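Structural characterization, general
The lines below spell out each chain.
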Amino acid sequence: MHAVAIMTHVHSLAPFVFGCGIRPEIDQHENLCNVVHPVAQTNGSGDEQDVADHTHTHWHSPYTPESPTSISNGANSAPRNHEVLDASTDHPPSGVVSSNTAHTDRLPATQLLELIQTENDVIDEVSEDIVAEQFMVVTQLNKDLDSEHDSSSLAEASELVNTLSRHPAIAPFVDHPDSGFVDFEGRPFHIAEYCWQEEGCALADRLCPDLGAFLDEKFRNTYELTYNTLNFITNVDTSLYRRSVWNHVQSLFGICHDEFRYDCIDRLLNTQQRAFLKLCATRPVAIDPARHRFEKLFPVLSPSEVVHVILMVVEARQQACLLYALRAISECQARRPY
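Just so it is clear, the model here is predicted, and its values are computed rather than measured.

As a further point, take the overall build of the protein chain. Helices and strands together make up the secondary structure of the protein chain, namely 12 helices and six strands. Relative to its full complement of 338 residues, the protein chain shows a buried share of 44%. Considering only contacts within the protein chain whose residues lie at least 6 apart along the sequence, 77% involve residues at least 24 apart. Put simply, the protein chain shows about 17700 Å² of open surface, and 52% of that area lies on carbon and sulfur atoms.

Written out as structure tokens, the structure is:
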């Protein structure tokens, strides 16, 4: 169990390292890795300015959600992104805006807050059959997310992985350098049949005392790592947004949460954001800080909130891997004769 926990943890750290724009540097072999240098550009006055220089605490770039693909189950589905953006401003959202951010225009964070509140108001219980149908639609949409990335960048990432796998410091630990992520197909892993809270955590504790409790605390702390803010807006409940990020990442690995309405994911996360989360969770080495800039991908969130999103990618991925491993161990124990 120690080996399983260590392997899943190490694999899941890659999304955080690359997702935050950190590039690998291996001292034993210079110029092995493609270290991305910041691109210099002029700021209009002739002075060069680092393109990766984030000098503002909050970003107020326009929030431009897409017209999402339908995953809904009928007429009771929540309003789409563009409907919320066009909503009347007569009823301000709950949440206190800081006094030092007084703006007369509607800001993107306010728009996303209204969207989250709308989803919370209309969300209701749905049957497992509807959830299963929505989940299968999501898995098909997940396959198409790679088209959002430049094919050359994905090819460069594959070449970099192959180069790294042959490095003398890494090669002894890589038995199958050609292995990689494959889009999920087949029967979903239903949380209703085997979940972390009831089966996985208990088995991990039984195999290694206190390990399950430690991992569970880590998952919970990361998920709840929030100041209840949305950029400059305070006293905000972002649990639905955080849960959408978590469940979207796990859907990439076939994990289906049977009580979750998957049609809200495409309303809270646009295609580019879902594509970045997939890249972060499955091919983190392909992330290029020059191409994948936080203020463009997540214009509504502050820098620390984007880092929190990436942390949730890390933990959601590790939990998904642990669920598969622990279920396999449970099945093996059930078949073992006594």
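Now that the structure has been shown, we can carry on.
In the contact formed by helix α1 (residues 2–19) and helix α12 (residues 303–335), the axes pass within 9 Å of each other and the chain directions differ by 155 degrees. What the angle tells us is that α1 and α12 run roughly antiparallel. As for the relative orientation of α1 and α12, their crossing is right-handed in sense. Mapping the contact onto sequence places Val 4, Ala 5, Thr 8, His 9, His 11, Ser 12, Leu 13, Pro 15, Phe 16 and Gly 19 in α1 and Val 307, Ile 310, Leu 311, Val 313, Val 314, Arg 317, Gln 318, Cys 321, Leu 322 and Ala 325 in α12.

Here the focus is the UniProt feature "signal peptide" (unreviewed entry) in the protein chain. Residues given the UniProt feature "signal peptide" (unreviewed entry) here are residues 1–19. The span residues 1–19 is 95% helix and 0% strand, and its two end C-alpha atoms sit 28 Å from each other.

Further remarks concern the packing of aromatic side chains. Taken as a whole and judged by the stated rule, the model has nine aromatic pairs. Centre to centre, the rings of Phe 135 and Tyr 262 are 5.3 Å apart; their planes meet at 70 degrees, and the pair counts as edge-to-face. Here Phe 135 is found in helix α4 (residues 128–143), whereas its partner Tyr 262 is found in the loop between β6 (255–256) and α9 (265–268), with 127 residues between them in sequence. The exposure classification of Phe 135 matches that of Tyr 262, with both residues buried. Ring centres of Phe 189 and Tyr 194 lie 6.3 Å apart, and the angle between their planes is 85 degrees; this geometry places the pair in the edge-to-face category. A relative accessible area of 9% means that Tyr 194 is categorised as buried. A network of ring pairs unites the aromatic residues Trp 196, Phe 219, Tyr 223 and Trp 246 as a single cluster. Its end group placed over the ring of Tyr 223, Arg 242 keeps NZ or CZ at 5.0 Å from the ring centre.

Our focus in this paragraph is the nonpolar core. Counting residues in hydrophobic clusters, the biggest one holds 70 residues, and the most contacted among them are Trp 196, Tyr 241, Tyr 262, Leu 277, Phe 298 and Leu 301. Top contributing element to this core by residue count: α12, with 10 residues.

This part takes up the pattern of salt bridges. Side chains that differ in sign of charge can pair as their charged atoms come close. Applying the stated rule across the entire model yields 13 salt bridges. With a shortest N-O distance of 2.8 Å, Arg 220 and Asp 216 are connected by a salt bridge. Pair noted here: Arg 220 and Asp 216 are both in helix α7 (residues 211–223), with a separation of four residues, about one helical turn. Arg 220 gets classed as partly exposed once you look at its relative accessible area, which sits at 43%. Of the residues examined, Asp 216 reaches a relative accessible area of 14% and is grouped as buried.

Now for the side chain of Thr 282. Mapped onto the elements, Thr 282 comes out in helix α10 (residues 271–282). Polar contacts involving the side chain of Thr 282 include one to the main-chain carbonyl oxygen of Lys 278, which spans 2.5 Å. Discounting residues that sit within four places of it in the chain, Thr 282 has contacts with Phe 181, Leu 252, Phe 253 and Arg 317.

About the cut-offs
- Residues numbered from 1 in each chain as written.
- Predicted model: local features only at pLDDT ≥ 70, side-chain atom pairs only at ≥ 80, totals over all residues.
- Heavy atoms only, no water.
- Helix = DSSP H or I, 4+ residues; strand = E, 2+ residues; numbered from the N terminus.
- Buried < 20%, exposed > 50% of the residue type's maximum accessible area, 1.4 Å probe, protein only.
- Contact = heavy atoms within 4.5 Å.
- Areas by Shrake-Rupley, 256 points an atom, 1.4 Å probe, with all protein chains shown as cover.
- Axes fitted to C-alpha atoms, helices over the stretch in contact; angles between N-to-C directions.
- Parallel < 35°, antiparallel > 145°, perpendicular 65-115°, else oblique.
- Left-handed = near helix turned anticlockwise from the far one by under 90°.
- UniProt positions renumbered as here; feature names shortened; annotations may be inferred.
- Phe/Tyr/Trp six-rings, centres within 6.5 Å; stacked < 30°, edge-to-face > 60°.
- Lys NZ or Arg CZ within 6 Å of the ring centre and 35° of its normal.
- Core = buried A, V, L, I, M, F, W, Y, C linked by side-chain atoms within 4.5 Å.
- Salt bridge = Lys/Arg side-chain N within 4 Å of Asp/Glu carboxyl O.
- Polar contact = N/O pair within 3.5 Å; in protein donor to acceptor, adjacent residues only side chain to side chain.

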